[in-house]
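What follows is the residue order along each chain.
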Amino acid sequence: MKLSVIGCGYLGAVHASAMVELGHDVVGIDVDADKIAQLAQGRPPFFEPGLSEILTSATATGRLRFSTDIADAAGAQVHFIGVGTPQKPGSHAADLTYVDAAITELLPYLAEGDLVVGKSTVPVGTASRLADLITDSGSGASLVWNPEFLREGFAVQDTISPDRLVYGVAPGEAGERSVTLLNEVYASAIAAETPLVVTDYATAELVKVAANAFLATKISFINAMAEIAEVTGADVTQLADAIGFDARIGRRFLNAGVGFGGGCLPKDIRAFTARAEELGRGESVAFLKEVDQINLRRRSHVVDLATAALGERLHDGKVAVLGLSFKPHSDDVRDSPALDVAVQLHGLGADVVASDPKSVENAQAKHPQLRYSHVIAETLQDADLVVLVTEWPEFVNIDPVWAATLVKTPTIIDGRNALDAAAWRAAGWTYTGMGRP
């Protein structure tokens with residue numbers, strides 16, 4: 001099947017490449033000429049495990065091409081919309097400028113029976129409005145809202161083999177035709193009996209933001225428990241293990257630490273809150289404001305721990321910060337707790353040297369005032385304090401005995417509770433975790 005993907009950022013580039021992997025012919029379209037040039041050469045403009053391989057393969061076959069001209073979408077049967085929905089300046093609400101522009105510019109090239117498939121994360125009510133716009137155009141095309149549930153670091157896998165599919169469709173015969181056509185696109189997932197939820201537009205939109213809100217709440221819950229553990233001497237990791245055995249709770253996302261970040265969870269829970277307030281139901285998700293505050297508080301807590309550990313050396317001591325991306329296996333530094341901690345420590349006068357396997361360039365572009373290194377040994381050399389804030393395997397697997405020979409003072413703050421505390425203490429380190437004695 002011939003597909004177009006409008007928007008070739010993180011979501012769109014992965015989706016376009018993966019659709020070719022599933023047997024389709026795809027044109028990816030974006031207004032950013034530099035990005036399109038890189039993708040056309042088989043070079044992803046960001047790091048995502050497995051993407052380089054499938055992008056190179058797809059472009060080599062000739063079944064994946066990229067363009068800056070929306071007219072090149074003409075002739076595709078299915079058009080995926082994967083543009084960004086950032087926060088509006090000075091507001092928590094989602095900015096739908098790019099979504100609206102993508103649909104408006106696509107309208108002249110739609111044909112009878114075409115399917116427009118929204119994948120961007122949008123406020124509830126957006127799909128219905130866009131569906132009316134498509135209907136009023138007289139193109140004969142239909143709209144489906146098909147939210148993505150990608151995890152950075154696993155996006156290729158999550159696109160090719162999703163854990164569920166959600167279709168928000170129009171009522172009646174138009175919706176039935178849409179389901180049939182989209183099932184052809186996802187034929188391999190359908191054949192693998194991937195759970196499929198066919199619902200209305202509003203529910204499909206809410207599924208995405210509700211999922212992110214729940215995950216954010218779960219992370220902030222265990223971080224709130226870490227705050228209590230820290231003043232009582234309890235161990236939040238054992239607490240998480242114990243409650244995680246309850247099948248109703250589960251252990252995943254119960255890892256206390258410096259909190260969540262990235263381009264989705266923080267933005268999406270704030271936009272969800274803003275939309276609920278617009279709908280007159282702000283009280284229904286008022287708890288998400290506290291979820292956000294707990295999350296931000298954990299970053300400040302790591303900075304406070306570092307300040308206490310450095311004492312008088314704060315203004316001239318070297319702090320080795322291990323991690324810059326918001327999570328391992330990604331080069332994404334958007335709203336990254338790790339980068340935030342490094343910047344705050346620098347602002348307090350510390351000599352910060354930060355390292356990350358993939359994110360140094362992105363971090364440097366945002367915060368050139370910090371010092372960076374690609375070499376772990378160089379980062380650790382003569383450090384008065386080490387702060388682990390992204391749990392890359394390269395950092396988690398550091399030999400504490402070796403590391404102790406490099407630093408000036410063997411003191412470490414484990415902002416992800418990812419290290420073996422006993423092993424580091426046995427190697428002579430003063431170890432501080434998050435909610436761990």
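What counts and how
- Residues numbered from 1 in each chain as written.
- Predicted model: local features only at pLDDT ≥ 70, side-chain atom pairs only at ≥ 80, totals over all residues.
- Heavy atoms only, no water.
- Helix = DSSP H or I, 4+ residues; strand = E, 2+ residues; numbered from the N terminus.
- Rg over C-alpha atoms; globule rule 2.2 N^0.38 Å.
- Buried < 20%, exposed > 50% of the residue type's maximum accessible area, 1.4 Å probe, protein only.
- Contact = heavy atoms within 4.5 Å.
- Areas by Shrake-Rupley, 256 points an atom, 1.4 Å probe, with all protein chains shown as cover.
- Lys, Arg positive; Asp, Glu negative; His and termini not counted.
- Charge placed at Lys NZ, Arg CZ, Asp CG, Glu CD.
- UniProt positions renumbered as here; feature names shortened; annotations may be inferred.
- Salt bridge = Lys/Arg side-chain N within 4 Å of Asp/Glu carboxyl O.
- Pairing = 2+ DSSP bridges.
- Expected span 1.5 Å × (residues − 1).
- Polar contact = N/O pair within 3.5 Å; in protein donor to acceptor, adjacent residues only side chain to side chain.
- Core = buried A, V, L, I, M, F, W, Y, C linked by side-chain atoms within 4.5 Å.

Of regular secondary structure, the chain possesses 18 helices and 14 strands. Taking 2.2 N^0.38 as the reference for a compact globule, 437 residues should give roughly 22 Å; the C-alpha atoms of the chain span a radius of gyration of 23 Å, in line with that estimate. Dimensions of the chain, computed from C-alpha atoms along their principal axes, come out at roughly 70 × 45 × 40 Å. The buried share among the 437 residues of the chain stands at 52%. Of the contacts formed within the chain by residues at least 6 apart in sequence, a portion of 72% connects residues at least 24 apart. About 18,200 Å² of surface is accessible on the chain, with carbon and sulfur atoms providing 55% of the total. On the chain, the mean spot of the 35 positive side-chain charges and the mean spot of the 55 negative ones are 3 Å from each other.

Quick look at the UniProt feature "binding site: substrate" (unreviewed entry) in the chain now. The UniProt feature table records "binding site: substrate" (unreviewed entry) at Phe-149, Leu-150, Arg-151, Glu-152, Lys-208, Phe-253, Leu-254, Asn-255, Ala-256, Gly-257, Gly-261 and Lys-327. Of the residues just listed, which span 179 residues, the most distant C-alpha pair is 24.4 Å apart, and they do not cluster in one region. As for its placement among the helices and strands, Phe-149 is situated in the loop between strand S6 (142–145) and helix H6 (155–160). Excluding residues within four positions of it along the chain, Phe-149 makes contact with Asp-158, Arg-164, Val-166, Val-207 and Lys-208. Among the structural elements, Arg-151 can be located in the loop between S6 and H6. Discounting chain neighbours no more than four positions away, the residues touching Arg-151 are Tyr-10, Glu-48, Gln-157, Asp-158, Arg-252 and Lys-327.

All right, on to the pattern of salt bridges then. Taken as a whole, this structure holds 25 salt bridges when the rule is applied. Salt-bridge contacts for Arg-298 lead to Glu-227; the nearest nitrogen and oxygen are separated by 3.8 Å. Note that Arg-298 is positioned in helix H12 (residues 287–310) and Glu-227 in helix H9 (residues 201–232), a separation of 71 residues in sequence. Arg-298 gets classed as buried once you look at its relative accessible area, which sits at 1%. Close ionic contact of Asp-340 with Arg-299 constitutes a salt bridge, the shortest N to O distance being 3.1 Å. Of this pair, Asp-340 sits in helix H13 (residues 337–347) while Arg-299 is found in helix H12, placing the two residues 41 residues apart along the sequence. Residue class for Asp-340 comes out partly exposed when judged on its relative accessible area of 24%. Residue Arg-299 is classed as buried on the basis of its relative accessible area, which comes to 3%. Members of the salt-bridge network, linked through shared partners, are Glu-227, Glu-230, Glu-290, Arg-297 and Arg-298.

The side chains of a regular strand alternate, first on one face of the sheet and then on the other. Burial along strand S12 (residues 385–388) is two-sided: the residues Leu-385 and Val-387 and Val-386 and Leu-388 are all buried. For strand S9 (residues 318–322) and S12, the ladder comprises 4 bridges, and the chain directions are parallel. Counterpart to Leu-322 in the pairing with S12 is Leu-388. Sheet analysis places S12 next to strand S13 (residues 411–414), joined by 3 bridges and oriented parallel. Across the sheet, Val-387 pairs through a bridge with Ile-413, a residue of S13.

Before going further, it helps to spend a moment on H9. End to end, H9 covers 47 Å across 32 residues, agreeing with the expected 46 Å (1.5 Å per residue, within 8%). The N-capping residue of H9, defined by a side-chain oxygen 3.2 Å from the backbone nitrogen of Ala-202, is Asp-200. At the C-terminal side of H9, Gly-233 shows a positive phi close to 85°.

What follows concerns the nonpolar core. Grouped together as the largest cluster of nonpolar side chains are 38 residues, with contacts concentrated most on Phe-80, Leu-182 and Tyr-186. Excluding residues that lie within four positions of it along the chain, Phe-80 makes contacts with Leu-3, Ser-4, Val-5, Ile-6, His-15, Val-117, Lys-119, Asn-146, Leu-182, Val-185 and Tyr-186. The next biggest cluster of nonpolar side chains, apart from the first, holds 29 residues, and it includes Ile-81, Leu-96, Val-116 and Ala-271.

Its place among the elements puts His-24 in the loop between helix H1 (10–21) and strand S2 (25–29). Look at His-24 and you get buried, because its relative accessible area is 6%. Sequence separation of His-24 and Ser-67 is 43 residues, and the distance between their C-alpha atoms is 17 Å. Ignoring any residue separated from it by four or fewer positions in sequence, one finds His-24 in contact with Met-1, Leu-3, Met-19, Arg-63, Glu-184 and Val-185.

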